[in-house]
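In case you want the letters, here they are:
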Amino acid sequence: MIVKSRPAAAKATILAMPTFANVPETSLFRFGRLAALAVAACAVLMPLREARAQASASAAPPAANGQRDFAAERKAVDDSRAWTNYRFAAAERECYGKFFVNRCINNAKEVQREELQVLRKRELEVGEAERAHRAAERDREQALRNAEFEASQPKRSASEQSSREAFQKKQQEQQLREAQRQGEAPQRAANAQAYEKKQSDFDARMQEAQQKGAEQARQRQENVKAYEAKQRDLEQRQKELEERRAKAKEQQGQASAPRPFGF
């Protein structure tokens, strides 16, 4: 059997412990040594087996209010796995202080493997249960939606029927308005024609009034020009009349003046 190398501290501990190395190898002593090593191995492995049972039990926490807490279950599995690995590391360190190191470590590994296998099965079971729970929740929600849909079907049918009736009513009203519009088309055409004639007459009167106003403005300008010419002619005649009167008066004064020779 191959014995792994041990740390110096472990070697010192082993040398300090009472062993059968210095006792003659008789059958009795060999049996006693093997018995002592078996007892030591059992003392090392017993806490691991007890912890494995504890980990298996703690991996499935009880349900609260009828609902499984899958997150708590996964956390319990992870905690148990960490605790198993920690105990294996502690057992491995303790095995280096034993005589049959490889056998001790192999036994500890076997215990670790069994515990990890149990935890893995538990982890798979939790995952499968969670997937089944989610699928059931989806099915339940879909069933509720289907039930609500079916329950609201009469209301939707009534609403759709009401919408169709309202649409048909609006279509009929539109058709009535269109028919009335078509019936009033001749009257609208006559009204439009009368309006156009009235507008044409108004435009003609407006044009005539504009022409008449332009003619009256031209006539007023001519009257003003004639009045101004007449006024200038009157002033000229008045001026000429005053000149003739002045001249006549001058001639009359010369005629009434005394002549020195009597003529």
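Residues numbered from 1 in each chain as written. Predicted model: local features only at pLDDT ≥ 70, side-chain atom pairs only at ≥ 80, totals over all residues. Heavy atoms only, no water.

A word on the overall build of the chain. A tally of helices and strands in the chain yields six helices and zero strands. Along the chain, helices (α) and strands (β) appear in the sequence α-α-α-α-α-α when read from the amino end. Within the chain, contacts between residues at least 6 apart in sequence are counted, and of these 78% link residues at least 24 apart. As displayed, the chain has an accessible area near 20,900 Å², and 56% of this comes from carbon and sulfur atoms. (Helix = DSSP H or I, 4+ residues; strand = E, 2+ residues; numbered from the N terminus. Contact = heavy atoms within 4.5 Å. Areas by Shrake-Rupley, 256 points an atom, 1.4 Å probe, with all protein chains shown as cover.)

Moving on to the packing of aromatic side chains. Under the defined criterion, the tally for this structure stands at two aromatic pairs. Relative to tyrosine 86, the ring of tryptophan 83 lies with its centre 5.5 Å away and its plane at 20°, an arrangement referred to as stacked. One end of the pair, tryptophan 83, and the other, tyrosine 86, are both in helix H3 (residues 70-95), three residues apart, so they sit about a helical turn from each other. Residue classification places tryptophan 83 among the partly exposed residues on the basis of a relative accessible area of 42%. (Phe/Tyr/Trp six-rings, centres within 6.5 Å; stacked < 30°, edge-to-face > 60°. Buried < 20%, exposed > 50% of the residue type's maximum accessible area, 1.4 Å probe, protein only.)

The next point concerns the pattern of salt bridges. If you walk through the whole model with that rule in mind, you get 19 salt bridges. Put simply, arginine 122 and glutamate 125 hold a salt bridge, and the shortest N to O gap is 2.7 Å. With arginine 122 and glutamate 125 both in helix H4 (residues 101-151) and three residues apart, the pair spans about one turn of that helix. Residue glutamate 125 is classed as partly exposed on the basis of its relative accessible area of 32%. A salt bridge links glutamate 130 to arginine 134; the shortest N-O distance between them is 2.9 Å. On the criterion of helical spacing, the pair formed by glutamate 130 and arginine 134 is a turn pair, its members being four residues apart in helix H4. (Salt bridge = Lys/Arg side-chain N within 4 Å of Asp/Glu carboxyl O.)

Moving on: the side chain of arginine 122. Overall, arginine 122 belongs to the buried group, its relative accessible area being 17%. Side chain to side chain, arginine 122 and glutamate 73 meet in a polar contact 3.2 Å long. (Polar contact = N/O pair within 3.5 Å; in protein donor to acceptor, adjacent residues only side chain to side chain.)

With that settled, consider the nonpolar core. Core analysis: the biggest nonpolar cluster contains five residues, these being Cys95, Tyr96, Val101, Cys104 and Ile105. Sorting elements by how many residues they give to this core places H4 first, with three residues. (Core = buried A, V, L, I, M, F, W, Y, C linked by side-chain atoms within 4.5 Å.)

Attention shifts here to the packing of H3 against H4. In the contact formed by H3 and H4, the axes pass within 10 Å of each other and the chain directions differ by 175°. Relative to H4, the element H3 is oriented roughly antiparallel. Residue classes in the contact of H3 with H4 are distributed as 13 nonpolar, five polar and eleven charged. (Axes fitted to C-alpha atoms, helices over the stretch in contact; angles between N-to-C directions. Parallel < 35°, antiparallel > 145°, perpendicular 65-115°, else oblique. Nonpolar A, V, L, I, M, F, W, Y, C, P; charged D, E, K, R; others polar.)

Direction vectors running N to C along H4 and helix H5 (residues 153-183) enclose 45°, while the axes themselves pass 4 Å from each other. One element, H4, and the other, H5, form an angle in the oblique class. In this structure, H4 contributes Phe149, Glu150 and Ala151 to the contact, and H5 contributes Gln153, Pro154 and Arg156. Taken together, the residues of the contact of H4 with H5 sort by class into three nonpolar, one polar and two charged.

To continue, consider the state of the cysteines. Applying the stated criterion across every chain, the model contains one disulfide. Each disulfide pairs two cysteine sulfurs, and for cysteine 95 the partner residue is cysteine 104, the sulfurs being separated by 1.8 Å. Judged by the sign of its S-S torsion, about -65°, the cystine formed by cysteine 95 and cysteine 104 is left-handed. Classification of cysteine 95 by relative accessible area gives buried; the value is 0%. (Disulfide = S-S within 2.5 Å.)

Turning to the confidence of the model for the chain, a few remarks are in order. Residues of the chain with pLDDT of at least 70 account for 71%, and the chain-wide mean is 77. Helix H1 (residues 8-16) is the least confidently modelled element of the chain, averaging 35 in pLDDT, while H3 averages 94, the highest of any element. Within the model, pLDDT remains below 50 along residues 1-61, and this stretch shows 75 contacts once partners closer than five positions in the same chain are excluded. (pLDDT = per-residue confidence, 0-100.)

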